[in-house]
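Take a look at the letters that make up each chain.
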Amino acid sequence: MQDAETAPPTRLVDHLIELRSRLLRAVAGLLVVFLALMPFATDLYNQLALPLISELPEGGKIVAIEVAGGFFVPVKVAFFAALFLTAPWLLYQAWAFVAPGLYRREKRLATPLLFSAVALFYAGCAFAYFLVLPAVFGFLTNFTPEFVQMTPDLGKYVDFVLIIFLAFGASFELPVALVILVALGWVTPKQLREWRGYAIVGIFVIAAIITPPDVVSQLMLAIPMMILYEAGILASRFVSPKKPELAPGE
């Protein structure tokens, strides 16, 4: 008969088995979607390149500098498209692993935050694709000298677009971040209102760092972030910890 000290840590083993199961399900879902998108890799790239192609001068084309770029870049686009589409499934697997260890109040708060985070990330990427990218490329092509022919590399274009998607998707998570900070008791809605001026300055600094060096994209990131900051203040009022009322004489 084994001592309590020498008995195997069954709870730890159970957690590791559960973690492995969740990781396998997440990877399997991502792989299935990726394989399903592979036949459409070229079409996905064409759709992704549409904001640039529509703004190129007549006769302008996207070129492949690397020998195998014409093959690997569409595959890369298909993979990130699969990652984009399976994000709710991946987050669900992470949520299913940590949820049993949360209190009921934490579960009630985490569920809407999780849905909001996914929706806001998608909204940020859609905003970047439909509004920001056409405006940025239109601005850049208008300022390109006439004797310079624009022939962007397809690989660098994908990297540029992915950075823009990540920047806008992450920036649109600002209300969720504010709600979490207030729920943890680190700040209060009143403090967020008082820090509004500093927040605006910080937003413009962040927009200048993570966007291309043009005024159009900086403003198109900073303005929504300021609106989202105000939305975060309003939403944080519903999760702000209530201070206990003092009894008379205390």
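Residues numbered from 1 in each chain as written. Predicted model: local features only at pLDDT ≥ 70, side-chain atom pairs only at ≥ 80, totals over all residues. Heavy atoms only, no water.

Student: Would you mind going over the packing of aromatic side chains with me for this structure?
Tutor: To describe a pair of aromatic rings, you give the distance between the ring centres and the angle between the ring planes. As enumerated under the stated definition, the model contains 10 aromatic pairs in all. Look at phenylalanine 71 and phenylalanine 72: their rings are 5.1 Å apart centre to centre, the planes differ by 75 degrees, and that puts the pair in the edge-to-face class. On the accessibility criterion, phenylalanine 71 (52% relative accessible area) is exposed. For the pair tyrosine 129 and phenylalanine 130, a centre-to-centre distance of 4.9 Å together with 90 degrees between the ring planes defines the contact as edge-to-face. (Phe/Tyr/Trp six-rings, centres within 6.5 Å; stacked < 30°, edge-to-face > 60°. Buried < 20%, exposed > 50% of the residue type's maximum accessible area, 1.4 Å probe, protein only.)

Student: Would you mind going over the environment of tyrosine 45 with me for this structure?
Tutor: Structurally, the position occupied by tyrosine 45 is in helix 2 (residues 41-53). Considering only alpha carbons, one finds tyrosine 45 and leucine 154, 109 residues apart in sequence, at a separation of 9.1 Å. For tyrosine 45, the contacting residues outside a window of four places in its chain are Ile62, Val73, Pro74, Val77, Leu154, Tyr157 and Val158. (Helix = DSSP H or I, 4+ residues; strand = E, 2+ residues; numbered from the N terminus. Contact = heavy atoms within 4.5 Å.)

Student: I keep staring at the layout of surface pockets and nothing clicks. Help me out?
Tutor: Gaps between atoms show up when a probe of the same size as a water molecule is rolled over them. Computed from the structure, the largest pocket encloses a volume of approximately 630 Å³. Forming the walls of the largest pocket are 20 residues, and the residues nearest its centre are Leu48, Phe80, Ala81, Phe84 and Phe165. Mapped onto the lining of the largest pocket, the elements with two or more residues apiece are helix 2, helix 3 (69-85), helix 4 (87-98), helix 5 (104-142) and helix 6 (154-171). The element that contributes the greatest number of residues to the lining of the largest pocket is helix 5, accounting for six residues. (1 Å grid on protein atoms, 1.4 Å probe; cavity = no way out; pocket = protein on both sides within 12 Å on 5 of 7 lines; lining within 4 Å. Points joined across faces, edges and corners; volume = space filled by probe spheres on them.)

Student: For this particular structure, what's the right way to read the side chain of aspartate 153?
Tutor: Within the secondary structure layout, aspartate 153 lies in the loop between helix 5 and helix 6. An unpaired buried charge is present at aspartate 153: no salt bridge exists, and lysine 156, the closest side chain of opposite charge, is 5.7 Å distant. Beyond its immediate chain neighbours, meaning those up to four positions away, aspartate 153 contacts Ile62, Val63, Ala64 and Ile65. (Lys, Arg positive; Asp, Glu negative; His and termini not counted. Salt bridge = Lys/Arg side-chain N within 4 Å of Asp/Glu carboxyl O.)

Student: Teacher, can you tell me more about a nonpolar patch on the surface here?
Tutor: On the surface, Ile200, Phe204, Val215, Leu219, Ile223 and Ile227 cluster together into a nonpolar patch covering about 510 Å² of accessible area. At the level of elements, helix 9 (196-210) and helix 10 (215-236) are the ones that each hand at least two residues to the nonpolar patch. In terms of residue count, helix 10 provides more of the nonpolar patch than any other element does, four residues in total. One can find isoleucine 223 in helix 10. (Patch = residues over 30% accessible without salt bridge, like charges linked within 9 Å, V, L, I, M, F, W, Y side chains within 5 Å. Areas by Shrake-Rupley, 256 points an atom, 1.4 Å probe, with all protein chains shown as cover.)

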